[in-house]
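# Residue-level structural notes
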Amino acid sequence: MKADERSFRIALVADRFVNPPPRGVDAVAAAAEAGWGVIQLPPDDYPAEVTGPLLAEVAEQVEEFSRHGYAFVVVGGHAGLAGALARVGVAVPDQITPATAVQLIDFLNGRPAPAAGWDASQAPG
Amino acid sequence: MGVAFVAHCLLNQNSKVGDGAHCAGVYSPVIDALRDRGWRIEQMPCPELAFTGLNRFWAVKEQLDTAAYRRHCARLAEAVAAAISVRVGQGEDVVLVGVEGSPSMGVTITSSDPLRGGRPEWPDGTAEHTSGEGIFVEEIRNALARRGINFPRVAGETHALADHDEATQRAGIESVLDNP
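The notes below deal with the structure included here.

## Remarks on helix H3 (residues 48–67) of chain A
The end-to-end C-alpha separation of H3 of chain A is 28 Å, in line with the 28 Å expected for 20 residues at 1.5 Å each. Turning to H3 of chain A, its buried residues number three or more, namely Val50, Thr51, Leu54, Leu55, Glu57, Val58, Ala59, Gln61, Val62, Glu64, Phe65 and Ser66 of chain A. Buried-residue contacts for H3 of chain A involve strand E1 (9–13), strand E2 (37–40), strand E3 (71–75) and helix H4 (81–87) of chain A together with helix H3 (47–52) and helix H5 (67–89) of chain B. Once H3 of chain A finishes, Gly69 of chain A follows within two positions and takes phi at roughly 85 degrees, a positive value.

Below, the structure written as C-alpha coordinates:
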(Lines give C-alpha, C1' and ligand atoms only; values in the text may rest on other atoms or scores of the structure.)
Protein backbone atom coordinates (compact mmCIF):
# COMPACT_ATOMS: atom_id res chain seq x y z
CA MET A 1 0.00 0.00 0.00
CA LYS A 2 2.99 2.32 0.24
CA ALA A 3 2.67 3.46 -3.36
CA ASP A 4 -0.91 4.58 -2.91
CA GLU A 5 -1.06 8.37 -2.88
CA ARG A 6 -4.68 8.97 -1.89
CA SER A 7 -5.35 11.85 0.48
CA PHE A 8 -8.44 10.52 2.29
CA ARG A 9 -9.96 13.98 1.69
CA ILE A 10 -12.90 14.56 -0.60
CA ALA A 11 -14.75 17.72 -1.55
CA LEU A 12 -18.37 17.50 -2.71
CA VAL A 13 -18.38 20.20 -5.32
CA ALA A 14 -21.22 22.00 -7.06
CA ASP A 15 -21.12 21.84 -10.83
CA ARG A 16 -20.57 25.59 -11.14
CA PHE A 17 -17.24 25.14 -9.37
CA VAL A 18 -16.27 22.06 -11.41
CA ASN A 19 -17.16 23.78 -14.67
CA PRO A 20 -16.73 27.40 -13.67
CA PRO A 21 -17.70 30.33 -15.85
CA PRO A 22 -14.96 32.67 -17.04
CA ARG A 23 -13.22 34.19 -14.02
CA GLY A 24 -15.17 31.85 -11.75
CA VAL A 25 -13.59 29.84 -8.96
CA ASP A 26 -12.08 26.59 -10.26
CA ALA A 27 -12.54 24.10 -7.44
CA VAL A 28 -10.97 21.24 -9.38
CA ALA A 29 -7.71 23.12 -9.73
CA ALA A 30 -7.91 24.18 -6.10
CA ALA A 31 -8.56 20.60 -4.99
CA ALA A 32 -5.65 19.37 -7.08
CA GLU A 33 -3.36 21.94 -5.50
CA ALA A 34 -4.54 21.17 -1.97
CA GLY A 35 -4.54 17.41 -2.49
CA TRP A 36 -8.26 16.71 -2.27
CA GLY A 37 -10.42 14.45 -4.38
CA VAL A 38 -13.64 15.72 -5.91
CA ILE A 39 -17.11 14.27 -6.06
CA GLN A 40 -19.17 16.38 -8.40
CA LEU A 41 -22.73 17.30 -7.50
CA PRO A 42 -25.33 17.19 -10.29
CA PRO A 43 -25.61 20.24 -12.53
CA ASP A 44 -28.51 22.51 -11.68
CA ASP A 45 -30.06 22.28 -15.12
CA TYR A 46 -30.92 18.61 -14.82
CA PRO A 47 -34.57 17.77 -14.22
CA ALA A 48 -35.49 16.19 -10.91
CA GLU A 49 -35.80 12.70 -12.38
CA VAL A 50 -32.16 12.87 -13.47
CA THR A 51 -30.83 14.66 -10.40
CA GLY A 52 -32.45 12.33 -7.87
CA PRO A 53 -30.64 9.13 -8.87
CA LEU A 54 -27.35 10.97 -9.31
CA LEU A 55 -27.59 12.46 -5.83
CA ALA A 56 -28.52 9.06 -4.43
CA GLU A 57 -25.34 7.60 -5.90
CA VAL A 58 -23.29 10.47 -4.49
CA ALA A 59 -24.79 9.84 -1.09
CA GLU A 60 -24.12 6.12 -1.26
CA GLN A 61 -20.48 6.73 -2.08
CA VAL A 62 -20.13 9.34 0.65
CA GLU A 63 -21.64 6.85 3.05
CA GLU A 64 -19.03 4.26 2.13
CA PHE A 65 -16.14 6.68 2.43
CA SER A 66 -17.52 7.96 5.73
CA ARG A 67 -17.58 4.48 7.18
CA HIS A 68 -13.81 4.44 6.66
CA GLY A 69 -13.04 7.81 8.15
CA TYR A 70 -12.46 9.88 5.03
CA ALA A 71 -12.84 13.64 5.45
CA PHE A 72 -15.43 15.68 3.56
CA VAL A 73 -16.34 19.26 2.83
CA VAL A 74 -19.01 20.75 0.59
CA VAL A 75 -18.10 23.41 -1.95
CA GLY A 76 -21.07 25.39 -3.17
CA GLY A 77 -23.67 22.86 -2.22
CA HIS A 78 -26.79 21.51 -3.89
CA ALA A 79 -30.41 21.90 -2.90
CA GLY A 80 -30.95 18.15 -2.74
CA LEU A 81 -27.74 17.16 -1.00
CA ALA A 82 -28.91 17.36 2.60
CA GLY A 83 -31.89 15.13 1.88
CA ALA A 84 -29.82 12.59 -0.03
CA LEU A 85 -27.25 12.38 2.74
CA ALA A 86 -29.96 12.15 5.38
CA ARG A 87 -31.38 9.09 3.63
CA VAL A 88 -28.07 7.28 4.19
CA GLY A 89 -27.59 8.65 7.68
CA VAL A 90 -24.70 10.98 6.91
CA ALA A 91 -24.56 14.56 8.21
CA VAL A 92 -23.90 17.39 5.82
CA PRO A 93 -20.18 18.24 5.98
CA ASP A 94 -18.86 21.72 6.60
CA GLN A 95 -19.49 23.95 3.64
CA ILE A 96 -17.92 26.86 1.82
CA THR A 97 -19.03 28.97 -1.11
CA PRO A 98 -15.71 30.48 -2.04
CA ALA A 99 -15.31 33.90 -3.59
CA THR A 100 -11.78 33.16 -4.72
CA ALA A 101 -9.57 30.17 -5.39
CA VAL A 102 -7.18 31.31 -2.69
CA GLN A 103 -10.01 31.33 -0.17
CA LEU A 104 -10.93 27.78 -1.14
CA ILE A 105 -7.36 26.50 -0.99
CA ASP A 106 -6.90 28.07 2.43
CA PHE A 107 -10.13 26.44 3.60
CA LEU A 108 -9.07 23.01 2.32
CA ASN A 109 -5.57 23.29 3.75
CA GLY A 110 -6.98 24.33 7.10
CA ARG A 111 -9.19 21.32 7.57
CA PRO A 112 -8.31 18.82 10.31
CA ALA A 113 -6.63 15.59 9.32
CA PRO A 114 -9.00 12.79 8.36
CA ALA A 115 -9.53 9.84 10.65
CA ALA A 116 -8.43 7.55 7.83
CA GLY A 117 -4.85 7.22 6.71
CA TRP A 118 -2.02 4.87 5.97
CA ASP A 119 -1.12 4.54 9.61
CA ALA A 120 -0.07 0.95 10.26
CA SER A 121 -3.09 0.38 12.48
CA GLN A 122 -5.54 1.21 9.75
CA ALA A 123 -6.81 -0.71 6.79
CA PRO A 124 -6.89 1.00 3.41
CA GLY A 125 -9.65 3.46 3.67
CA MET B 1 -16.22 21.08 -27.32
CA GLY B 2 -18.93 19.27 -25.46
CA VAL B 3 -19.50 17.24 -22.33
CA ALA B 4 -17.06 14.61 -21.13
CA PHE B 5 -18.55 11.99 -18.83
CA VAL B 6 -15.50 10.85 -16.91
CA ALA B 7 -14.70 7.90 -14.70
CA HIS B 8 -15.20 8.79 -11.04
CA CYS B 9 -11.57 8.18 -10.10
CA LEU B 10 -10.27 10.77 -12.53
CA LEU B 11 -11.56 13.43 -10.14
CA ASN B 12 -11.23 11.34 -7.01
CA GLN B 13 -8.35 8.92 -6.68
CA ASN B 14 -9.60 8.09 -3.20
CA SER B 15 -12.04 5.72 -4.88
CA LYS B 16 -9.26 3.55 -6.26
CA VAL B 17 -8.57 0.02 -5.13
CA GLY B 18 -5.86 -0.09 -2.48
CA ASP B 19 -2.39 0.65 -3.89
CA GLY B 20 -4.01 2.09 -6.99
CA ALA B 21 -4.20 5.83 -6.30
CA HIS B 22 -1.73 7.63 -8.52
CA CYS B 23 -2.12 10.99 -6.76
CA ALA B 24 -3.87 12.60 -3.81
CA GLY B 25 -7.18 13.35 -5.46
CA VAL B 26 -7.62 14.87 -8.91
CA TYR B 27 -5.81 13.07 -11.72
CA SER B 28 -4.95 16.23 -13.57
CA PRO B 29 -3.34 14.88 -16.75
CA VAL B 30 -6.70 13.76 -18.14
CA ILE B 31 -8.85 16.47 -16.58
CA ASP B 32 -6.56 19.24 -17.79
CA ALA B 33 -6.52 17.83 -21.30
CA LEU B 34 -10.31 17.94 -21.44
CA ARG B 35 -10.65 21.36 -19.88
CA ASP B 36 -7.88 22.89 -21.93
CA ARG B 37 -10.01 22.05 -24.94
CA GLY B 38 -13.12 23.57 -23.43
CA TRP B 39 -14.96 20.40 -22.51
CA ARG B 40 -17.36 20.31 -19.62
CA ILE B 41 -16.62 17.64 -17.03
CA GLU B 42 -19.37 15.42 -15.65
CA GLN B 43 -18.31 12.70 -13.26
CA MET B 44 -19.82 9.24 -13.30
CA PRO B 45 -20.25 7.14 -10.16
CA CYS B 46 -17.60 4.54 -9.30
CA PRO B 47 -19.29 1.17 -9.73
CA GLU B 48 -16.85 -0.75 -7.55
CA LEU B 49 -16.71 1.57 -4.58
CA ALA B 50 -20.18 1.17 -3.16
CA PHE B 51 -20.43 -2.50 -4.09
CA THR B 52 -17.09 -4.01 -3.17
CA GLY B 53 -15.85 -1.28 -0.84
CA LEU B 54 -12.59 0.44 -0.14
CA ASN B 55 -10.82 -2.70 1.06
CA ARG B 56 -11.54 -4.64 -2.10
CA PHE B 57 -8.87 -6.68 -3.80
CA TRP B 58 -7.58 -5.98 -7.23
CA ALA B 59 -9.82 -8.02 -9.50
CA VAL B 60 -10.21 -9.12 -13.07
CA LYS B 61 -13.47 -8.91 -14.97
CA GLU B 62 -14.47 -12.50 -14.33
CA GLN B 63 -14.28 -12.01 -10.58
CA LEU B 64 -16.66 -9.06 -10.62
CA ASP B 65 -18.99 -10.43 -13.26
CA THR B 66 -21.81 -11.64 -11.06
CA ALA B 67 -25.51 -11.15 -11.53
CA ALA B 68 -25.67 -8.89 -8.50
CA TYR B 69 -22.81 -6.69 -9.67
CA ARG B 70 -24.39 -6.51 -13.09
CA ARG B 71 -27.64 -5.28 -11.52
CA HIS B 72 -25.72 -2.73 -9.46
CA CYS B 73 -23.92 -1.45 -12.54
CA ALA B 74 -27.18 -1.40 -14.49
CA ARG B 75 -28.72 0.83 -11.85
CA LEU B 76 -25.81 3.27 -12.03
CA ALA B 77 -25.81 3.12 -15.80
CA GLU B 78 -29.45 4.20 -15.89
CA ALA B 79 -28.56 7.34 -13.96
CA VAL B 80 -25.64 8.11 -16.25
CA ALA B 81 -27.67 7.40 -19.37
CA ALA B 82 -30.37 9.78 -18.22
CA ALA B 83 -27.78 12.52 -17.81
CA ILE B 84 -26.22 11.81 -21.18
CA SER B 85 -29.69 11.89 -22.72
CA VAL B 86 -30.21 15.41 -21.45
CA ARG B 87 -26.94 16.58 -22.93
CA VAL B 88 -27.58 14.89 -26.26
CA GLY B 89 -31.02 16.50 -26.32
CA GLN B 90 -29.33 19.86 -25.86
CA GLY B 91 -27.24 19.15 -28.93
CA GLU B 92 -24.02 18.69 -26.97
CA ASP B 93 -21.17 16.56 -28.19
CA VAL B 94 -20.65 13.83 -25.59
CA VAL B 95 -17.63 11.67 -24.85
CA LEU B 96 -17.11 9.01 -22.19
CA VAL B 97 -13.69 8.84 -20.57
CA GLY B 98 -13.00 5.48 -18.92
CA VAL B 99 -10.00 3.72 -17.42
CA GLU B 100 -8.28 1.26 -19.68
CA GLY B 101 -7.45 -2.04 -18.13
CA SER B 102 -10.10 -1.65 -15.45
CA PRO B 103 -12.50 -4.56 -15.00
CA SER B 104 -15.29 -2.00 -14.68
CA MET B 105 -14.27 1.18 -16.49
CA GLY B 106 -12.19 -0.02 -19.47
CA VAL B 107 -13.40 1.40 -22.77
CA THR B 108 -11.24 -0.56 -25.18
CA ILE B 109 -9.06 -2.59 -22.82
CA THR B 110 -10.24 -4.43 -19.72
CA SER B 111 -8.62 -7.08 -17.55
CA SER B 112 -9.32 -10.76 -17.80
CA ASP B 113 -8.16 -14.02 -16.35
CA PRO B 114 -10.74 -16.80 -16.33
CA LEU B 115 -8.68 -18.86 -13.90
CA ARG B 116 -8.14 -16.23 -11.22
CA GLY B 117 -9.92 -16.74 -7.93
CA GLY B 118 -9.71 -18.49 -4.63
CA ARG B 119 -7.34 -17.79 -1.83
CA PRO B 120 -4.98 -14.87 -2.31
CA GLU B 121 -1.37 -15.92 -1.94
CA TRP B 122 0.21 -14.60 1.22
CA PRO B 123 1.74 -16.35 4.22
CA ASP B 124 -0.40 -17.97 6.89
CA GLY B 125 -0.60 -16.17 10.21
CA THR B 126 0.07 -12.68 8.89
CA ALA B 127 -1.18 -9.57 10.68
CA GLU B 128 -4.72 -9.66 9.35
CA HIS B 129 -5.64 -12.06 12.12
CA THR B 130 -7.12 -10.29 15.13
CA SER B 131 -9.67 -11.05 17.80
CA GLY B 132 -13.29 -10.22 17.07
CA GLU B 133 -16.26 -11.36 15.09
CA GLY B 134 -16.75 -11.27 11.39
CA ILE B 135 -19.33 -8.98 9.88
CA PHE B 136 -21.87 -11.69 9.25
CA VAL B 137 -21.52 -13.04 12.75
CA GLU B 138 -21.95 -9.53 14.13
CA GLU B 139 -25.08 -9.10 12.09
CA ILE B 140 -26.41 -12.43 13.33
CA ARG B 141 -25.70 -11.23 16.83
CA ASN B 142 -27.56 -7.98 16.23
CA ALA B 143 -30.49 -9.72 14.61
CA LEU B 144 -30.84 -12.15 17.46
CA ALA B 145 -30.59 -9.36 20.01
CA ARG B 146 -33.41 -7.43 18.33
CA ARG B 147 -35.53 -10.52 18.81
CA GLY B 148 -34.47 -10.97 22.40
CA ILE B 149 -32.56 -14.16 21.68
CA ASN B 150 -29.24 -14.87 23.33
CA PHE B 151 -26.25 -15.35 21.11
CA PRO B 152 -25.33 -19.03 20.99
CA ARG B 153 -22.03 -20.55 21.91
CA VAL B 154 -19.55 -20.73 19.16
CA ALA B 155 -16.77 -22.97 18.00
CA GLY B 156 -14.40 -22.48 15.14
CA GLU B 157 -12.55 -24.36 12.51
CA THR B 158 -8.98 -23.05 12.77
CA HIS B 159 -7.28 -24.17 9.60
CA ALA B 160 -6.29 -20.65 8.52
CA LEU B 161 -4.53 -19.81 11.78
CA ALA B 162 -0.76 -19.95 12.02
CA ASP B 163 -0.87 -22.16 15.09
CA HIS B 164 -3.47 -24.50 13.70
CA ASP B 165 -3.34 -27.97 15.11
CA GLU B 166 -5.99 -30.52 14.30
CA ALA B 167 -6.01 -32.07 17.76
CA THR B 168 -6.39 -28.70 19.45
CA GLN B 169 -9.11 -27.70 17.05
CA ARG B 170 -11.03 -30.84 17.77
CA ALA B 171 -10.67 -30.38 21.51
CA GLY B 172 -12.01 -26.85 21.27
CA ILE B 173 -15.05 -27.88 19.35
CA GLU B 174 -15.74 -30.76 21.68
CA SER B 175 -15.42 -28.43 24.66
CA VAL B 176 -18.11 -26.15 23.32
CA LEU B 177 -20.34 -29.06 22.44
CA ASP B 178 -19.96 -30.63 25.83
CA ASN B 179 -20.42 -27.48 27.96
CA PRO B 180 -23.82 -25.85 27.41
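Having seen it, we continue.
## Regarding the packing of H3 of chain A against H5 of chain B
Packed helices, taken two at a time, are described by the angle their axes make and the gap between the axes. Viewed as axis vectors pointing N to C, H3 of chain A and H5 of chain B meet at an angle of 135 degrees, and their least axial separation amounts to 9 Å. On the basis of the axis angle, H3 of chain A is oblique to H5 of chain B. As H3 of chain A runs across H5 of chain B, the sense of the crossing is left-handed. Counting all contacts with H3 of chain A, which are made through Val50, Pro53, Leu54 and Glu57 of chain A, the residues of H5 of chain B involved are Leu76, Glu78, Ala79, Ala82, Ala83 and Val86 of chain B.

## Focus on the interface of chain A and chain B
Taken together, the contact between chain A and chain B spans 34 residues of the former and 33 residues of the latter. Of all the secondary-structure elements, those providing two or more residues to the side of chain A that touches chain B are E1, helix H2 (27–34), E2 and H3 of chain A. Broken down by element, the residue count for the side of chain A that touches chain B peaks at eight residues, all from H3 of chain A. Looking at the side of chain A that touches chain B residue by residue, the classes come out as 19 nonpolar, eight polar and seven charged.

## Some thoughts on the environment of Arg40 of chain B
Here Arg40 of chain B lies in strand E2 (residues 40–43). For the pair formed by Arg40 of chain B and Phe5 of chain B, sequence separation is 35 residues and the distance between their alpha carbons is 8.4 Å. When sequence neighbours within four positions are dropped, the list of residues in contact with Arg40 of chain B reads Asn19 of chain A together with Val3 and Ala4 of chain B.

## Quick word on the sheet that holds strand E3 (residues 94–97) of chain B
Residue and element names in this part refer to chain B. The strand order E2-E1-E3 describes an open sheet built from three strands, whose pairing is parallel. In this open sheet, the two strands that pair with only one neighbour each are E2 and E3. Shown here is a sheet whose adjacent strand axes are inclined to one another by a mean of 25 degrees, direction ignored. Relative to E3, strand E1 (residues 3–6) runs parallel, the two sharing four bridges. When the bridges of E3 are listed, Val3 appears paired with Val94.

Conventions and cut-offs
- Residues numbered from 1 in each chain as written.
- Chains lettered and ligands numbered in written order.
- Predicted model: local features only at pLDDT ≥ 70, side-chain atom pairs only at ≥ 80, totals over all residues.
- Helix = DSSP H or I, 4+ residues; strand = E, 2+ residues; numbered from the N terminus.
- Expected span 1.5 Å × (residues − 1).
- Buried ≥ 20, exposed ≤ 12 C-beta atoms within 10 Å, placed from the backbone.
- Contact = placed C-beta atoms within 7 Å.
- Axes fitted to C-alpha atoms, helices over the stretch in contact; angles between N-to-C directions.
- Parallel < 35°, antiparallel > 145°, perpendicular 65-115°, else oblique.
- Left-handed = near helix turned anticlockwise from the far one by under 90°.
- Nonpolar A, V, L, I, M, F, W, Y, C, P; charged D, E, K, R; others polar.
- Pairing = 2+ DSSP bridges.

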